[in-house]
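Report on the structure
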Amino acid sequence: MLQRELTLTNRRGLHARAATRLVQCCQPFASSVTIYHGDRSADAANIMSLLMLAAPCTSVVQVQVEGEDAEEALNAIVALFEARFDEDQ
């Protein structure tokens, strides 16, 4: 299992479009991805659970990835966060 702390730096945080991008980012991987924000957790394959995290801009989230391709999945998620979900260009 791999874990990484990431900060949401896109303007609207983990809103519908960003959550959709995160779900799409995780789909090609066999690993399971869980996102934690405060005392809440969400399966990154479920857009509704991601939206329930209510994570605005500047929120720090914990990403936990478990599975055979965990490193590749985590690298893709980190790249998505660093690209600010391709929203702020």
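Further up the page is the structure itself.
Residues numbered from 1 in each chain as written. Predicted model: local features only at pLDDT ≥ 70, side-chain atom pairs only at ≥ 80, totals over all residues. Heavy atoms only, no water.

1. Details of the overall build of the protein
Looking only at helices and strands, the protein features 3 helices and 4 strands. Element order for the protein, N to C, with α for helix and β for strand: β-α-β-β-α-β-α. Taken against the 2.2 N^0.38 rule, which gives 12 Å for 89 residues, the C-alpha radius of gyration of the protein at 12 Å falls within 12% of a compact globule. Evaluated residue by residue, the protein yields a buried proportion of 40% over its 89 residues. (Helix = DSSP H or I, 4+ residues; strand = E, 2+ residues; numbered from the N terminus. Rg over C-alpha atoms; globule rule 2.2 N^0.38 Å. Buried < 20%, exposed > 50% of the residue type's maximum accessible area, 1.4 Å probe, protein only.)

2. Section: the packing of aromatic side chains
For any pair of aromatic rings, geometry is given as the distance between the ring centres together with the angle between the planes. Tallied over the entire structure, the rule returns 1 aromatic pair. Here the aromatic rings of F81 and F85 are separated by 5.0 Å at their centres, their planes lie at 55 degrees, and the arrangement is tilted. The exposure class of F81 is buried, given its relative accessible area of 5%. (Phe/Tyr/Trp six-rings, centres within 6.5 Å; stacked < 30°, edge-to-face > 60°.)

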